[in-house]
Amino acid sequence: MTTPHVPKVAGIEPTLPAPAHTAAPAAPETRPFAQLAAAHERLAARFSDLTALHDLTGRLARTDTLESALHEVLRAGAALIGARRGLVTLEPPDGLGPETTVGLGLGPADIGHLETVPRRATPLGRLLDGVRGASGGGTGAGADAGAGSGVGAGAGAGAEGSTDAGAAMAPDAGVAGQPLPSGSTGLPTELVQPDLAGDPGLDPRLREVAARLGYAASYAVPLISDPPGDGPEGNERAGRPLGAAVWLYDEPAEPSERGRRLLAVYRAYATQHVSRLIELHRRRHSEQTLRTEMLPARLPRAPGIRLAVRHAAGPHGGGDWYDALPLPDGALSLSVGSVTGSGPSAVAAMGRLRAALRAYAVMEGEDPVAVLSDLELLLRLTEPARSATALFAFVEPPVADPLGGPAAHKIVLAGAGHCPPLIIGEQRTEFVETSLSAPLGMLACWEAPSVELEPLPGETLLLYSDGLLHRTGEPVDRAFSRLHAAAAALPKSVRQDPEVLVDHLVRAVLPQGLADEGSPEDVVVLAVRFGG
């Protein structure tokens, strides 16, 4: 069969109909490529979220104090939700403390203004006290955004989920695209106040303070770290906040859904870290209280003598001690020492030795060698695994000057492996030559001769622990030279007051001061000024 002929028309090319057996050309297939691009965007967003969370949690993990950790939580939260200022309040529900408030971009005066707002009207108060429907505006969510969230779960869902399931998320969802689990406490787990000025139910004082400080919106969340426990008591304690944080916006705004969910993931880790630091803070506080109670509450008064002391314990220390005990007839015993070891056990051992030393001082204080010998015997019998250094001085009763001048004093002292004392005055600044001896508990029988010293009126005897030398970070001989040079350079006005003298010496020898938490060494500095 032949194709029918179509007549030609001048200037027009006739259109031939397509054969019946020829298929129409197919349109290019674009859907698989679009799905692949969307999946790539989702994976890129997830990777970006994971990287940001990894960096922020890494910075938080490097904090080792509560204050630094709370500052980092505020800084990270502000970065995640786009705020500039913030405030976090810590109030552990067990009432054992510590209770503290830390601000980001807020000074003490600003925090003071915020504290004048009635607690029931503030976001922090509503979250911590569980106040629902209180005046003050904002909306609360009943789902705990922090509980049960994890970076690993978000990453797994993104890598292994089907393409159709992922398409339901926003292209920039990332880790923030994970659904929030339901809370079980019934308390609000976030409070949003997107426009304070436009909220008719806002507390008047809160409105006034917000206008004064220049913020127009806020977003607050609790810090919840306690997981549900076993039994009714555990369930009752579950979900009770350790504290709460609020971030402030300069303009009416609220965090995006993605920012809120990223903050929820970060908060799940942050509250656990803060909880651990609370326990560490409590342990350190208990040890500090124990150390303080083991040492004299105040220094005694003695005729013609003025005393001053500075004491600082390292984070794992507590074995250094000092003592000044009035004795009959106006005599005075002085002692400094150090027990080996660290932590509560060293503090307890220090307390036992100091108490024993006091008893020996009352019975035989005029003979420092006998006092240290008895202390060494007690140490070997009761603390065979420990050793200790000690310096004991007996200040005899003052002898009146027949010409009416300052009373004269005489000191008898003995040391067991301890640093020699330093005598400081206008005419001399020198170390007292004590005989070399081993620490207590190192030999089968300890014994060393005593040394007598007669300080002149106006001179100061300085007793100290070896931590003062070790904290300089220099070899011991250079540290001794540094201490001697600092004492010799003291102005006359400084030498007249033992309190000023001690502070001046500490600053000269330890520029970082006694509050150096990075040093493990205990420090004791006891100054005894005679007459003058």
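This structure is a prediction, so every number in the text was calculated from the model and none was measured.

Pulling in residues and values, what's your account of the overall build of the protein chain?
Secondary structure summary: the protein chain contains 15 helices and 16 strands in total. Across the 532 residues that make up the protein chain, the buried fraction comes to 45%. The long-range share in the protein chain, meaning contacts at least 24 apart out of those at least 6 apart in sequence, stands at 73%. For the protein chain, the accessible area works out to roughly 26,500 Å², and carbon and sulfur atoms hold 56% of it.

Can you explain the packing of helix α9 (residues 257-294) against helix α10 (residues 344-364)? Please cite residues and give values.
Closest axis-to-axis distance for the α9/α10 pair is 10 Å, and the angle between their directions is 10°. As the angle between them shows, α9 and α10 are arranged roughly parallel. When α9 is examined against α10, the residues Glu287, Leu290, Arg291 and Met294 are found in contact with a partner set consisting of Pro344, Val347, Ala348, Met350, Gly351 and Arg354. Here the residues of the contact of α9 with α10 sort into 6 nonpolar, 1 polar and 3 charged.

With reference to specific residues and values, describe unusual backbone geometry.
For the bond running from Gly97 to Pro98, omega is 0°, close enough to zero to count as cis. Within the fold, Pro98 resides in the loop between β1 (85-90) and β2 (100-104). Backbone geometry at Asp329 places phi at a positive 65°, although glycine is not the residue there. For Asp329, the location among the structural elements is in the loop between β8 (320-326) and β9 (332-339). Judged by relative accessible area, Asp329 falls into the exposed class, the value being 71%.

Tell me about the side chain of Ser335, and name the residues and values.
Structurally, the position occupied by Ser335 is in strand β9. We classify Ser335 as buried; its relative accessible area is 3%. The residues touching Ser335, leaving out its near neighbours within four places in the chain, are Trp321, Tyr322, Asp323, Leu357, Leu391 and Phe392.

Explain the layout of surface pockets residue by residue, including any values.
When its volume is computed, the second largest pocket comes out at roughly 370 Å³. Secondary structure elements with two or more residues in the lining of the second largest pocket: β1, α3 (108-114), α4 (123-129) and β6 (243-249). Looking at the lining of the second largest pocket element by element, the count peaks at 4 residues for α4.

Lay out the pattern of salt bridges in plain terms, naming residues and giving numbers.
Within the structure shown, the criterion is met by 25 salt bridges. The residue Glu72 makes a salt bridge to Arg59 at a minimum N-O spacing of 3.2 Å. Taken as a pair, Glu72 in helix α2 (residues 66-81) and Arg59 in helix α1 (residues 31-61) lie far apart in primary sequence, 13 residues in all. Glu72 sits in the buried class, given a relative accessible area of 7%. The partly exposed category is assigned to Arg59, whose relative accessible area is 38%. Its salt-bridge partner being Glu91, residue Arg119 comes within 2.8 Å of it at the nearest N-O pair.

I'd like to hear about the sheet that holds strand β7 (residues 305-312), residue by residue, with values.
Backbone-to-backbone hydrogen bonds join strands into a sheet, with any given pair of strands oriented parallel or antiparallel. The sheet built from 5 strands is open, its strands ordered β7-β16-β15-β12-β13 with antiparallel pairing. Sheet topology places β7 and β13 (429-431) at the edges, where each strand pairs with a single neighbour. Strand-to-strand twist of the sheet, defined as the mean angle between neighbouring strand axes without regard to direction, takes the value 15°. As paired strands, β7 and strand β16 (residues 523-530) are joined by 8 bridges and run antiparallel to one another. Residue pairing in the sheet places Arg310 in a bridge with Val525 of β16.

Describe the environment of Arg84, naming the residues involved and giving the relevant values.
Note that Arg84 resides in the loop between α2 and β1. Between the alpha carbons of Arg84 and Leu248 there is a distance of 6.6 Å; along the sequence they are 164 residues apart. Apart from residues lying up to four places away in sequence, Arg84 is in contact with Leu104, Leu248 and Asp250. A polar contact is formed between the side chain of Arg84 and the side chain of Asp250, at a distance of 2.7 Å.

Help me get a handle on helix α11 (residues 368-382), residues and values and all.
For α11, spanning 15 residues, the distance from its first C-alpha to its last is 21 Å, which sits close to the expected 21 Å at 1.5 Å a residue. Where α11 is buried, its residues meet α10, β10 (388-395) and β11 (411-416).

Account for the sheet that holds β11, naming residues and giving values.
Spatially, the 5 strands line up as an open sheet ordered β8-β9-β10-β11-β14, and their pairing is antiparallel. Each of the sheet's edge strands pairs with one partner strand only, and the pair in question is β8 and β14 (451-453). Ignoring which end each strand starts from, the neighbouring axes of this sheet average 15° apart. Relative to β10, β9 runs antiparallel, the two being bridged by 8 bridges. Note that in β10 the partner of Val336 across the bridge is Leu391.

Parameters at a glance
- Residues numbered from 1 in each chain as written.
- Predicted model: local features only at pLDDT ≥ 70, side-chain atom pairs only at ≥ 80, totals over all residues.
- Heavy atoms only, no water.
- Helix = DSSP H or I, 4+ residues; strand = E, 2+ residues; numbered from the N terminus.
- Buried < 20%, exposed > 50% of the residue type's maximum accessible area, 1.4 Å probe, protein only.
- Contact = heavy atoms within 4.5 Å.
- Areas by Shrake-Rupley, 256 points an atom, 1.4 Å probe, with all protein chains shown as cover.
- Axes fitted to C-alpha atoms, helices over the stretch in contact; angles between N-to-C directions.
- Parallel < 35°, antiparallel > 145°, perpendicular 65-115°, else oblique.
- Nonpolar A, V, L, I, M, F, W, Y, C, P; charged D, E, K, R; others polar.
- 1 Å grid on protein atoms, 1.4 Å probe; cavity = no way out; pocket = protein on both sides within 12 Å on 5 of 7 lines; lining within 4 Å.
- Points joined across faces, edges and corners; volume = space filled by probe spheres on them.
- Salt bridge = Lys/Arg side-chain N within 4 Å of Asp/Glu carboxyl O.
- Pairing = 2+ DSSP bridges.
- Polar contact = N/O pair within 3.5 Å; in protein donor to acceptor, adjacent residues only side chain to side chain.
- Expected span 1.5 Å × (residues − 1).

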